[in-house]
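Take a look at the letters that make up each chain.
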Amino acid sequence: MYGGENVKILSIAIPCYNSAAYMRRCIDSLLPGGEDVEILIVDDGSTKDNTAEIADEYEKNYPGIVKAIHQENGGHGEAVNAGLRNATGVYYKVVDSDDWVDVDVYLDIIKTLKELVAGPQTVDMFISNFVYDKAGAKHKKVMRYKAFPENEVFQWDHAKKLHIGRYILMHSVIYRTMLLRECNLELPKHTFYVDNLFVFQPLPYVKNLYYKNVNFYHYFIGREDQSVNESVMISRIDQHIRVAKIMIQDYLGMEVESRNLDRYMLQYLDMMMCIASIMLIRDGSEEALRKKEALWKWLEDTDQKLYHRLRHSVFGVWMNLPGKVGRGLSVAGYKAAQKIFGFN
């Protein structure tokens with residue numbers, strides 16, 4: 001599977017859109033991977049700065065390691081798609097241009113991936129921790145996965161129940177490249193929050209997993225224009241709802257063999273509905289509250305069984321408390337969760 005000299009162990013896509021101010025830190029943190037990796041800098045139609053020139057500069061200075069890909073603007077999802085189309089590595093990772101990785105941990109993960117592909121079992125998904133690197137925060141929250149066995153190949157049925165809030169996000173996952181192609185992963189263009197689809201859609205294809213309890217990925221939170229900024233999320237709520245509906249429809253068409261995996265996927269959908277609901281409550285306008293009601297009605301009309309499972313979950317109940325007082329309690333619960341889990 002992994003031939004050594006000419007085959008890359010890991011392809012890393014860096015979606016870039018007007019990212020000149022911070023992309024160098026990201027790329028520089030990945031260069032120590034050397035010939036074992038390929039770094040795919042995807043310039044997604046940048047026009048306001050010299051993102052394209054920086055990508056070409058790195059390709060020129062690091063031939064055989066860095067490849068610059070230029071395309072018309074298609075959004076984050078299409079940049080991930082472009083990286084996947086061009087990837088030659090055994091494994092595939094996405095690192096956003098304002099994030100970075102811990103170099104020592106990175107080199108250790110490359111070593112582990114090499115050992116895994118040389119072994120008797122193919123690992124479909126490799127999981128590690130990520131750090132919420134929030135600007136100005138003294139204490140950086142770390143997303144760990146205590147439900148998973150450490151440093152061994154395991155299956156879904158060997159995992160314990162994941163705690164609420166401990167979701168596998170794009171920052172924590174490395175997928176086997178061929179698995180992503182086999183499940184025909186293609187993210188929608190011009191849509192935010194598709195990183196959820198990137199993680200969610202391939203899950204039923206994942207048979208063997210591996211978890212390394214190391215703080216690999218630094219997820220930067222602090223730019224005002226970030227898609228996870230609350231005011232930005234409220235303004236883009238229709239896109240979040242679109243992604244949530246795609247995930248729900250995907251789930252309803254899937255055959256999920258593992259009970260543990262099925263439970264986890266339901267938790268993920270629960271979280272997506274919760275975020276949509278709380279952002280619409282935070283908006284507070286009559287239109288937003290009608291959208292919230294319409295979303296839950298859509299779910300009920302789409303599949304009553306799934307509706308009842310999500311509507312009567314802890315999140316589902318908490319996000320649908322009646323009246324102004326109920327909405328106030330929903331917001332209070334959301335703010336408490338922000339402090340506990342450190343998200344934006």
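Shown above is the structure to which this text applies.
About the thresholds
Sequence order sets the numbering: in each chain, residues are counted from 1 along the sequence as written. Note on the predicted model: pLDDT of at least 70 is required for a residue's local features to be given, and 80 or more for side-chain atom pairs to be given and counted; whole-chain, interface and lining totals, by contrast, use all residues. Side-chain numbers here rest on the full set of heavy atoms in the structure, without hydrogens or water. Secondary structure follows DSSP: runs of H or I at least 4 residues long count as helices, runs of E at least 2 residues long count as strands, and numbering of each begins at the N terminus. Three exposure classes are used, based on accessible area relative to the maximum for each residue type with a 1.4 Å probe and protein chains only: buried under 20%, partly exposed in between, and exposed over 50%. The charge count includes Lys and Arg as positive and Asp and Glu as negative, but it does not include His or the ends of the chains. Note on definitions: salt bridges are taken to be side-chain nitrogens of Lys or Arg within 4 Å of carboxyl oxygens of Asp or Glu. Nitrogen and oxygen atoms within 3.5 Å of one another constitute a polar contact, given that in protein one can donate a hydrogen and the other can accept it, and given that sequence-neighbouring residues count only through two side-chain atoms. The contact criterion used is simple: two residues touch if any of their non-hydrogen atoms lie within 4.5 Å. Pairing of aromatic side chains requires ring centres within 6.5 Å, counting the rings of Phe and Tyr and the six-membered ring of Trp. Pairs whose planes differ by under 30 degrees are stacked, by over 60 edge-to-face, and all others tilted. Throughout this description, the term charge over a ring refers to an Arg CZ or Lys NZ atom that lies within 6 Å of the ring centre and within 35 degrees of the ring normal.

1. As for the side chain of D99
Move 1: Looking at the element boundaries, D99 is found in the loop between β4 (91-94) and β5 (100-101).
Move 2: For the buried D99, no salt bridge is present, and the opposite-charge side chain at shortest range is R25, 6.6 Å distant.
Move 3: At a separation of 2.6 Å, a polar atom in the side chain of D99 contacts the side chain of Y217.
Move 4: For D99, the contacting residues outside a window of four places in its chain are C26, H171, Y217, H218, Y219 and F220.

2. Examining the pattern of salt bridges
Move 1: Evaluation of the coordinates by the stated rule reveals 14 salt bridges.
Move 2: Across the salt bridge formed by K8 and E35, the nearest N and O atoms sit 3.4 Å from each other. Here K8 is found in the segment before β1 (10-16), whereas its partner E35 is found in the loop between α1 (23-30) and β2 (37-44), with 27 residues between them in sequence.
Move 3: Judged by its relative accessible area of 9%, K8 falls in the buried class.

3. Considering the packing of aromatic side chains
Move 1: Counted under the stated rule, the structure contains 18 aromatic pairs.
Move 2: The interplanar angle of 55° and the centroid separation of 6.0 Å between the aromatic rings of Y167 and Y268 together place this pair among those described as tilted. Taken together, the residues span a long stretch of sequence, with Y167 in the loop between β8 (153-154) and β9 (173-176) and Y268 in helix α9 (residues 259-283) at a distance of 101 residues. Here Y167 matches Y268 in class, with each residue buried.
Move 3: Taking the centre distance of 5.6 Å and the plane angle of 70° together, the rings of F200 and Y268 count as edge-to-face. With F200 in helix α6 (residues 195-200) and Y268 in helix α9, this pair connects stretches of sequence that are 68 residues apart. Taken individually, F200 and Y268 each receive the classification buried, so the pair is uniform in this respect.
Move 4: Each residue in the set W156, Y167, F200, Y264 and Y268 is aromatic and connected to the rest through ring pairs, giving one cluster.
Move 5: Taking NZ or CZ as reference, R25 lies 5.8 Å from the ring centre of F220, over its face.

4. Focus: unusual backbone geometry
Move 1: One non-glycine residue, N184, adopts positive backbone phi at about 55°.
Move 2: Along the chain, N184 falls in the loop between α5 (177-182) and α6.
Move 3: Phi angles above zero are rare outside glycine, and H190 is one such case at about 50°.
Move 4: Its location among the elements puts H190 in the loop between α5 and α6.

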